[in-house]
Amino acid sequence: MTIWYDRPAGNWDEALPVGNGRLGAMVFGGIDEERIALNVDTLWSGGPHDAGVTDGPRLLDEVREQYTVQGDRMAAAALTTRLQGPDSESYQPLGDLWLRWPARAARHPAGADSASSPSQAGRVAGNGYRRSLDLRTAIVSVTCQDNGPGRRDILASHPDQLIVVRIRAAAGHHLDLVVDFTTPHHEIERSTEPAGRLVATGRVPWHVDPPHHGYPEPVRYREGHGMLFGLAVDVRFGQGRAEGRDGVLAVTGAPEITVLIAASTSYRGWGVQPGDDRDEVIRRCAAVLDAAADRSPDEITQRHVDDHGVLYDRVALAVHGAADSGGDNLSALPTDERVRRVQQGASDTGLETLLFDYGRYLLIASSRPGSQPANLQGVWNEEVQPSWSCDYTTNINVQMNYWAAETTGLPECHLPMADLIEALAQSGARTARELYGCRGWVVHHNTDLWKATWPVQGDPMWAMWPMGAAWLCRHLVDHADFTGDGEFLVQRAWPAVRDAARFLLDFLVEDPDGRLISFPSTSPENTFLDVEGRRQCLDASPTMDRWIMLELFGSVLDVAQRTGLGDETFLTEVRSALKQIPVPQVGRDGRLLEWSEPFDEFEPGHRHLSHLYGLYPGDEIDVVMTPDLALAARRSLEFRLAHGSGQSGWSCAWALCLWARLGDGQGAREAMRRMLASHIAPNLLGLHPPRIFQIDGNLGYTAGIAEMLVQSHRSMLRLLPALPPSWPNGRVRGLRIRGAATVDLSWADGRLAEATITGQRPEPRLLTVPANVSIADMQFEGRRTRIHFEPS
């Protein structure tokens, strides 16, 4: 459970992440200096705004007329751009904290480029250098035997809301330390206090355009406008002396130093302009530091380890006996060397399971109750103009971030997503009313800290997709189903599910065949060729929409039946609409159609797998219940992958989940191999081409591994439904299933050996097991059921 390296990080994709949900830090582990790149979850450009669209319902009518009366998809698509509002805003870096040892490095000039020094990157301290992240303790450690600071430990404490750096001198040494802060932002004010505190404030841009637009002056600062941030750093030491000058702290002659980092912003809520009181921002930081003043470094560390362990230790996965290239001691190799070996064709089962553990670690570090949800990069970002604004992309990416939350025992980490959905339901009600004249709430493909819900600027193939709200509702229902939390189902899930359904009831239109269709819509970010060979994106009820509509209306009726909620008039309307949703179709070639007609794909290997939503994360397609649809889904997946899909971390992770639902261990194994070989950085963070960090690939991969081992959808409990042949022996503890229960499994020689199911109220489920075993005996022990298996 350790990621480690024998050299400092040379750039971002080699640094190691720590986080407590609200704060994030990337640790570079330099020899002469330490760079700690800092983030705060509410530090975003901009402020609250609206779509700025007037006469939306009339525009919608014009769009529909162009399609239904004129038959002109292109004209309809062009008209949809008049329904677009401003782009979402961008998640911002706070800056870099630099820790330097003056005898070995010159002071880094304030405001200089914050990239790690090339000389640092290339240096390897052959005399005992090691940089590591222990996933069980969530502590990054750096040791360097030939340097004054012999050991550094860096952690992000959730209980104390601090980034903590503990530095110990090598034997026989004392520490001289300089603490400095740099930031790319404007309006910087900084000071130091004699007692050993560094304080800094600054302001982020008023607006940042996403890079893909290529606009001139994409980053716009405006004096007195934009979010403020504050940083306060305390330096603790026993023996030694401290001095502050020009916003820089210096400590001399200390055998051990602890650096405590607190950060805050002027964020006051998604519907309120950010505050403009620097003193207030610093007071928040000071209050956090003061609250920890009476705790020793050992106490702070132990509180952190205990808190992290409560979540992390719930699940454990171990795989044995696979034929790994290079023997059984691959963990003795630096992690980047193991990644290179896999890229060259070697197998490494330990790295496959380490990446599963890493996904759980990253979710714990980037999403905690009360924090913002994990964005495209979790809680870590170094760019002022990050790719895709480092926002919440709601046509796959933010959903994938949370696919593993319930199955791998992290329901608390799912709660920031529930908070986001509730806020979007408020914001999205205005968008539904102003753009479409509909009740309920709607979300399109992008949102941000300010809860934008309208179609953003750009090509309609990504902007004109109104199904985000309906998809997000699945997360609320899943959380209630996995936890058994009836109060959550009633008070938080039902209002959002009900009102998302109300939007669809108003938005859908009846076609000449009496079917209810969604238009305008798209299959997210994908396009097709019409009968004249022209590239098109708008469609009436593309297949993904159909799956989502079926799922949402089904959830309304299911929740209403379980809780007694919902008036009969509304439920009758939902039942009627459910019968009118067009059923997804299978083409002549046996593949599931992606669009309403058998159009040719413009890009046959497109990265999105939207038409397979009904297989995963949905469950309308099932290998047992709907084998014909499952076969069509398989053919679609095979075709898409054969033509180049899966060329990003998140796309590859989605394919892994789909193979698991198809019960195909070999397909799942190939997806794991591709992920490791092509879509992870040296620090194991997921990559989107060309080399852009996106965390969804990591978190989706973890979800896929869980699906390979246990599934609990459609009132069935499936044990080892997609075990890879390369995992013949292993065990897993603590995977969660619907009905508030956990499952432990062990297997040997490719056969299920034992299962233990533990739960307060185990629900009746049809148990399915691999064909190569049968039940030998079953024992009931209170809340626990043990099942032993034998070869069949």
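Treat the numbers as computed from the prediction; the structure is a model and nothing was measured. (Residues numbered from 1 in each chain as written. Predicted model: local features only at pLDDT ≥ 70, side-chain atom pairs only at ≥ 80, totals over all residues. Heavy atoms only, no water.)

S.K.: Mind showing me how you'd approach the overall build of the protein chain here?
M.R.: In terms of regular secondary structure, the protein chain is built from 19 helices and 36 strands. Against the globule reference of 28 Å for 792 residues, the protein chain gives a C-alpha radius of gyration of 27 Å, in line with a compact fold. The C-alpha extent of the protein chain, read off along each of the three principal axes, is 85 × 70 × 50 Å. Looking at the protein chain as a whole, 62% of its 792 residues qualify as buried. Taking contacts inside the protein chain between residues at least 6 apart in sequence as the whole, the part at least 24 apart equals 70%. Between the mean site of the 76 positive side-chain charges and the mean site of the 102 negative ones, the protein chain shows a separation of 3 Å. (Helix = DSSP H or I, 4+ residues; strand = E, 2+ residues; numbered from the N terminus. Rg over C-alpha atoms; globule rule 2.2 N^0.38 Å. Buried < 20%, exposed > 50% of the residue type's maximum accessible area, 1.4 Å probe, protein only. Contact = heavy atoms within 4.5 Å. Lys, Arg positive; Asp, Glu negative; His and termini not counted. Charge placed at Lys NZ, Arg CZ, Asp CG, Glu CD.)

S.K.: Explain the side chain of H414 here, please?
M.R.: Tracing the backbone through its elements, the reader meets H414 in helix α10 (residues 411–436). Excluding residues within four positions of it along the chain, H414 makes contact with Y402, A405, E406, H475 and H479.

S.K.: Before we go on, may I ask you to explain the packing of helix α14 (residues 543–563) against helix α15 (residues 568–580) in this structure?
M.R.: Relative orientation and spacing of two packed helices are given, respectively, by the angle between their axes and the distance between those axes. Packing of α14 against α15 leaves a shortest axis separation of 10 Å and a crossing angle of 145 degrees. With respect to the hand of their crossing, α14 and α15 are arranged in left-handed fashion. Mapping the contact onto sequence places L550, F553, G554, V556, L557 and A560 in α14 and F570, L571, V574, R575, A577 and L578 in α15. For the contact of α14 with α15, the residue count by class is ten nonpolar, one polar and one charged. (Axes fitted to C-alpha atoms, helices over the stretch in contact; angles between N-to-C directions. Left-handed = near helix turned anticlockwise from the far one by under 90°. Nonpolar A, V, L, I, M, F, W, Y, C, P; charged D, E, K, R; others polar.)

S.K.: What is the right way to read the sheet that holds strand β24 (residues 528–529) from this model?
M.R.: In a beta sheet, neighbouring strands pair by backbone hydrogen bonds and run either parallel or antiparallel. The three strands are arranged β25-β24-β26 in an open sheet whose pairing can be described as antiparallel. Single-partner strands in this sheet number two, and they are β25 (535–536) and β26 (600–601). Pairing of β24 with β26, which is carried by two bridges, proceeds in the antiparallel orientation. The partner of L529 across the bridge, within β26, is D600. (Pairing = 2+ DSSP bridges.)

S.K.: So what exactly am I meant to see when it comes to the packing of aromatic side chains here?
M.R.: The way to describe two aromatic rings as a pair is by their centre distance and the angle between their planes. Summed over the entire model, instances satisfying the criterion amount to 15 aromatic pairs. Geometrically, the ring pair formed by Y436 and F507 is edge-to-face, given 5.3 Å between the ring centres and 70 degrees between the ring planes. Within this pair, whereas Y436 is found in helix α10, its partner F507 is found in helix α13 (residues 486–507), the two being separated by 71 residues in sequence. By relative accessible area, which is 5% here, Y436 ends up buried. Owing to a relative accessible area of 0%, F507 belongs among the buried residues under this scheme. Taken together through their ring pairs, the aromatic side chains of W44, Y91 and Y392 make up a single cluster. It is R591 that lies over the ring of F639; its NZ or CZ is 3.7 Å from the centre. (Phe/Tyr/Trp six-rings, centres within 6.5 Å; stacked < 30°, edge-to-face > 60°. Lys NZ or Arg CZ within 6 Å of the ring centre and 35° of its normal.)

S.K.: Hey, could you run me through a nonpolar patch on the surface in this one?
M.R.: Taken together, V623, V624 and M625 make up a surface patch of nonpolar side chains, about 240 Å² in accessible area. By the element assignment, V623 lies in the loop between β26 and α16 (627–642). In this structure V623 comes out as partly exposed when scored by relative accessible area, which is 31%. (Patch = residues over 30% accessible without salt bridge, like charges linked within 9 Å, V, L, I, M, F, W, Y side chains within 5 Å. Areas by Shrake-Rupley, 256 points an atom, 1.4 Å probe, with all protein chains shown as cover. Salt bridge = Lys/Arg side-chain N within 4 Å of Asp/Glu carboxyl O.)

S.K.: Sorry if this is basic, but what is going on with the sheet that holds strand β10 (residues 175–182) here?
M.R.: Spatial strand order, β2-β3-β4-β5-β10-β17-β16: seven strands in an open sheet with antiparallel pairing. At either end of the open sheet lies a strand with only one pairing partner, and these are β2 (16–19) and β16 (241–245). Each strand axis lies, on average, 20 degrees off the axis of its neighbour in the sheet, ignoring direction. Where β2 and strand β3 (residues 23–27) come together, four bridges link them in antiparallel fashion.

S.K.: I tried to follow the nonpolar core on my own but got confused; where do I start?
M.R.: One recurring pattern in soluble globular proteins: nonpolar side chains tend to sit buried together. Core analysis: the largest hydrophobic core is formed by 220 residues, its most contacted members being L97 and L709. Ignoring anything within four residues of it in the chain, the contact list for L97 reads E34, R35, I36, L38, V179, D180, F181, L231, V233, V259 and I261. L162, V199, A262 and C285 belong to the second-largest nonpolar core, a separate cluster that totals 14 residues. (Core = buried A, V, L, I, M, F, W, Y, C linked by side-chain atoms within 4.5 Å.)

S.K.: Just to check I follow, could you spell out the environment of L228 for this structure?
M.R.: Structurally, the position occupied by L228 is in strand β15 (residues 228–237). Each C-alpha atom of the pair L228 and F780 lies 58 Å from the other, and the pair is 552 residues apart in sequence. In contact with L228, not counting residues within four places along its chain, are L43, G202, R203, S264, T265, S266, G275, D276, D277, R278 and V281.

S.K.: I keep staring at the packing of helix α1 (residues 56–68) against helix α2 (residues 73–80) and nothing clicks. Help me out?
M.R.: One way to put it is that α1 packs onto α2 with a least axis distance of 7 Å and a crossing angle of 170 degrees. Classed by the angle they form, the pair α1 and α2 counts as roughly antiparallel. Two secondary-structure elements touch here, α1 through E62, V63, Q66 and Y67 and α2 through R73, A75, A76, L79 and T80. Taken together, the residues of the contact of α1 with α2 break down into five nonpolar, two polar and two charged. (Parallel < 35°, antiparallel > 145°, perpendicular 65-115°, else oblique.)

S.K.: I tried to follow the environment of L162 on my own but got confused; where do I start?
M.R.: Among the structural elements, L162 can be located in strand β9 (residues 162–169). Separated by 126 residues in the primary sequence, L162 and V288 have C-alpha atoms spaced 7.6 Å apart. Sequence-distant contacts of L162, that is, excluding residues within four places in its chain, are made with N20, L23, L155, A156, S157, L260, I261, A262, V288, L289 and A292.

S.K.: Quick question: what am I supposed to make of the confidence of the model for the protein chain here?
M.R.: It should be kept in mind that the predicted coordinates are not to be read in detail where pLDDT is low. With 95% of its residues at a pLDDT of 70 or more, the protein chain shows a mean pLDDT of 94. A low-confidence stretch, residues 105–125 (pLDDT under 50), is modelled with 44 contacts involving residues beyond four sequence positions or located in other chains. (pLDDT = per-residue confidence, 0-100.)

S.K.: Before we go on, may I ask you to explain the pattern of salt bridges in this structure?
M.R.: One pass over the full model with this rule turns up 67 salt bridges. Between D160 and R295 there is a salt bridge, with its nearest N and O atoms 2.6 Å apart. A residue pair is termed long-range when its members are at least 10 positions apart, and D160 in the loop between β8 (149–157) and β9 and R295 in the loop between α4 (278–291) and α5 (297–312) qualify at 135 residues. Given the relative accessible area of 5%, D160 is considered buried. Judged by its relative accessible area of 24%, R295 is partly exposed. In this structure, E406 and R736 form a salt bridge, with 3.1 Å as the shortest nitrogen-oxygen distance. Taken together, the residues span a long stretch of sequence, with E406 in helix α9 (residues 403–407) and R736 in strand β31 (residues 729–737) at a distance of 330 residues. What makes R736 buried here is its relative accessible area of 14%.

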